[in-house]
Amino acid sequence: MLKYYTRACNFYYGKQAQQLIRTNKALPLCGNKHIAFDTIELFTRKKNSIKSKYIRLKEINSQKIKIKQKIKKDLKKISLKRKNFLKNVKFLNTSIMGVLNLTPDSFSDGGQFNNKIKSFKHISKMINSGANIIDVGGESTRPGSKTINPNVEWNRVKYVLKNFKKNFKSTCLSIDTRKSFVMERSLQHKVDLINDVSAFKYDKNSFQKLKNYKIPIVLHHMLGTPNTMQKNPKYKNVLLDIYDFFEENIETKFKFHNLILDPGIGFGKTLKHNLILMSKISLFHSLGLPLLVGTSRKRFISQISGKNDSKDRIGGTLASVLYLVSQGVQILRVHNVNEVLQGILVFDKILKIDEK
């Protein structure tokens, strides 16, 4: 079977982007007139044979009819403004999802915020620093982690979830869980987003139960389980395989849900897999949905930096985040909210400076 994939590339920013869009020389990325593109990378896949070529927008009409039709269909999705379906989150802007791990064994901050006072102090700090989404988790999904009992997981997160909206009414609340037991109880406390790293495969009851709620969900890609995912992960082509995974799930299982796509950096991927996904992340815009990416403190940073690795990995996190911002990723999941947002603000200002 022959299949085509369209990736927006060759981006322009700020005043230059606006001018190119106004003169019909470029298209806006996801409806954002501050990011424009005038070129696409077209991937052609037939069984195990994959080819790609770059095509300027002005050259599209000269392509074969089937290719032209596919590209134009994808361009509509790529350039379309994303529907705002999350509480106080606008997808034209970069949003920060602050991480709150209420676990004793998470890879970077296990046990730091399990105390009731410490947890709310940290939430306040992240929100005051600029996070407009808080992602609360009670089970570690680091490589090699073991599954815990749903009751244990709920007991870790219930105090925060029960009291969150009393203290932070305007902040989007996300629950990071694979278990329907935890999902259902979280929904009773006005959670706004379900973030399941297993793509609702771990718990067979989870997706069926969510059908009763109009709740946005994160469609996350992971190869295997947290306990097995880093044991020699293999793909035919990591970029296109994950695209196919998203496309199939969007068109079938999750057809009637508000979705955010997360390619799952570090979840069943080697260093090379992670780098390919990040470098070509704009391919996923052709699915027409907002993107969420979490690179914060992840192992690929230490694999690259070697002796320059550090505990918080802020430098590597920020480098990856800024690249993702330049590619139009809408949500960044991070631990060090203030430092990351500081970097984004400076980066954004440089991109959009008016020379006149």
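Residues numbered from 1 in each chain as written. Predicted model: local features only at pLDDT ≥ 70, side-chain atom pairs only at ≥ 80, totals over all residues. Heavy atoms only, no water.

### Digging into the overall build of the chain
Looking only at helices and strands, the chain has 11 helices and 12 strands in total. Taking 356 residues into account, the globule formula puts the C-alpha radius of gyration at 21 Å, and the chain, at 20 Å, falls close to it. In terms of its C-alpha atoms, the chain occupies a principal-axis envelope of roughly 60 × 50 × 45 Å. The buried share among the 356 residues of the chain stands at 56%. Approximately 17,200 Å² of the chain is accessible, and the part contributed by carbon and sulfur atoms is 50%. (Helix = DSSP H or I, 4+ residues; strand = E, 2+ residues; numbered from the N terminus. Rg over C-alpha atoms; globule rule 2.2 N^0.38 Å. Buried < 20%, exposed > 50% of the residue type's maximum accessible area, 1.4 Å probe, protein only. Areas by Shrake-Rupley, 256 points an atom, 1.4 Å probe, with all protein chains shown as cover.)

### Some thoughts on the pairing of strand β5 (residues 95-101)
Moving residue by residue along a regular strand, the side chains alternate between the two faces of the sheet. Summarising burial for β5: seven of the seven residues are buried, a large majority. Of the two faces of β5, both are covered, the one formed by S95, M97, V99 and N101 as well as the one formed by I96, G98 and L100. Across four bridges, β5 lies against strand β12 (residues 331-334) in parallel orientation. Its bridge partner lying in β12, I96 is registered against L332. Sheet analysis places β5 next to strand β6 (residues 133-137), joined by five bridges and oriented parallel. When the bridges of β6 are listed, G98 appears paired with I134. (Pairing = 2+ DSSP bridges.)

### Side note on helix α1 (residues 14-22)
Among all positions of α1, only G14, A17, L20 and I21 are buried. Each buried residue of α1 lies within a common arc of 120° when the element is viewed along its axis, so the set occupies one face. Just downstream of α1 lies N24, where phi reads positive at about 60°. (Arc of directions from axis to C-beta.)

### Section: the packing of helix α3 (residues 116-129) against helix α4 (residues 150-167)
In contact at an axis separation of 11 Å, α3 and α4 are set at 45° when each is read in the N-to-C sense. Judged by the inter-axis angle, α3 sits oblique to α4. Here α3 and α4 pass one another in a crossing that is right-handed. Where α3 abuts α4, its residues K116, S119, F120 and I123 lie against Y159, V160, N163, F164 and N167. Looking at the contact of α3 with α4, its residues break down into five nonpolar, three polar and one charged. (Axes fitted to C-alpha atoms, helices over the stretch in contact; angles between N-to-C directions. Parallel < 35°, antiparallel > 145°, perpendicular 65-115°, else oblique. Left-handed = near helix turned anticlockwise from the far one by under 90°. Contact = heavy atoms within 4.5 Å. Nonpolar A, V, L, I, M, F, W, Y, C, P; charged D, E, K, R; others polar.)

### Structural notes on the environment of K201
Turning to its location among the elements, K201 is positioned in the loop between β8 (193-196) and α6 (204-210). As a C-alpha pair, K201 and L239 span 38 residues in sequence and 21 Å in three-dimensional space.

### A word on the pattern of salt bridges
Counted according to the given criterion, the structure contains 18 salt bridges. Residues K70 and D74 are paired through a salt bridge, measuring 3.2 Å at the closest nitrogen-oxygen approach. One end of the pair, K70, and the other, D74, are both in helix α2 (residues 65-79), four residues apart, so they sit about a helical turn from each other. Connected through salt bridges with shared partners, the residues K3, R45, D241, D244 and E247 form a single ionic network. (Salt bridge = Lys/Arg side-chain N within 4 Å of Asp/Glu carboxyl O.)

### A closer look at the side chain of E41
Within the element layout of this structure, E41 appears in strand β3 (residues 32-46). Residue class for E41 comes out buried when judged on its relative accessible area of 2%. Polar side-chain contacts of E41 include one of 3.0 Å to the side chain of S52. Those residues in contact with E41 that sit more than four places away from it in its chain are Y5, T6, R7, C9, S52, K53, Y54 and K280. (Polar contact = N/O pair within 3.5 Å; in protein donor to acceptor, adjacent residues only side chain to side chain.)

### What to know about the pairing of β6
Most of β6 sits out of view: five of its five residues are buried. Burial along β6 is two-sided: I133, D135 and G137 facing one way and I134 and V136 facing the other are all buried. One ladder, built from five bridges, connects β6 with strand β7 (residues 172-176); its direction is parallel. Residue I134 lies in a different strand from β7, and its bridge partner there is L173. In the classification by handedness, the crossover that spans β6, the intervening α4 and the parallel β7 is right-handed. (Right-handed = clockwise from strand over helix to strand, strands pointing away.)

Worth remembering: the numbers are spatial, not functional.
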